[in-house]
Amino acid sequence: MKFFIDTANLEQIREAQDLGVLDGVTTNPSLMAKEGISGEENILNHYKKICEIVDGDVSAEVIATDFEGMIKEGEHLASLHPQIVVKIPAIKEGIKAIKYLDSKGIKTNCTLVFSAGQALLAAKAGASYVSPFIGRLDDITTDGVELIAQIVEMYDYYEFDTQVLAASIRHTLHIIQCVEAGADVATCPLDAILGLLKHPLTDIGLEKFLADYRKLNS
Ligand code: G3P
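Residues numbered from 1 in each chain as written. Predicted model: local features only at pLDDT ≥ 70, side-chain atom pairs only at ≥ 80, totals over all residues. Heavy atoms only, no water.

Visitor: Could you give an account of a nonpolar patch on the surface, naming the residues involved and the relevant values?
Guide: Taken together, Leu173, Ile176 and Leu196 make up a surface patch of nonpolar side chains, about 250 Å² in accessible area. Following the sequence through the fold, Leu196 ends up in the loop between α10 (190–195) and α11 (200–217). Judged by its relative accessible area of 34%, Leu196 is partly exposed. (Patch = residues over 30% accessible without salt bridge, like charges linked within 9 Å, V, L, I, M, F, W, Y side chains within 5 Å. Areas by Shrake-Rupley, 256 points an atom, 1.4 Å probe, with all protein chains shown as cover. Salt bridge = Lys/Arg side-chain N within 4 Å of Asp/Glu carboxyl O. Helix = DSSP H or I, 4+ residues; strand = E, 2+ residues; numbered from the N terminus. Buried < 20%, exposed > 50% of the residue type's maximum accessible area, 1.4 Å probe, protein only.)

Visitor: Can you break down helix α9 (residues 172–181) residue by residue, with the values?
Guide: All of the buried residues along α9 are His174, Ile175, Cys178 and Ala181. The buried residues of α9 occupy one face: seen down the axis, they fall within an arc of 125°. The exposed set on the far side of α9, more than 90 degrees from its buried face, consists of Leu173 and Glu180. On the buried face of α9, the contacting elements are β1 (2–6), α7 (134–139), α8 (144–158), β7 (163–166), β8 (185–188) and α10. (Arc of directions from axis to C-beta. Contact = heavy atoms within 4.5 Å.)

Visitor: Could you give an account of the sheet that holds β8, with specific residues and numbers?
Guide: Sheets are built from strands that pair by backbone hydrogen bonding, the pairs being arranged parallel or antiparallel. If you trace the eight strands once around the closed barrel, you get β1-β2-β3-β4-β5-β6-β7-β8, paired in parallel fashion. Going from strand to strand, the sheet's axes swing by 30° on average, the running direction of each strand aside. Those strands touched by helix α4 (residues 67–80) are β3 (57–61) and β4 (84–89), and its axis lies near 160° from that of β4. (Pairing = 2+ DSSP bridges. Axes fitted to C-alpha atoms, helices over the stretch in contact; angles between N-to-C directions.)

Given below as structure tokens:
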């Protein structure tokens, strides 16, 4: 399974990259706003900076919601850097834009996906990734991980190439549940990735090893 980091924070992206396990980055307008990035030029420069830090795909979201606007913005975003993947919302005009961008060889990530039906249309249109938001489904007492499993099964059955990118991951257990559900990618906050390392027996064991070493070597 691939790991993407879900942030526009350059420090956190660097920290995840330094860990050596990072496969890409996802951003969205809210994450960009959280970092105080505004104005078209600053936003585009920020995407370029992210691409310079990581080796893998970097999702950059369109703001337009009409077909013409989305493809214009998408083509511009894709021209910024070869690692850019254009993020398009799962709406009618978005599906058309995904189809168009795919025909031009531009990678897309269909975002704000909350149902198998949306994921089906995204895959048929040729999306490179589909992003079901599991945390937001959990927020409304609907099992987000179950949706991941449903989409994985559907894509396997019909042999779609679209990768299932589990998004809106809120904690470490979500990551493990996405592994079990067969997600291709999990995009996570840095804390959730680092949380995978936490185990009290590791800490206790390491402390004991070092104490035993020090007894004879100090
Ligand atoms: O990957 C999508 C993500 O940024 C949304 O997360 O926590 O706002 O639902 P959240």
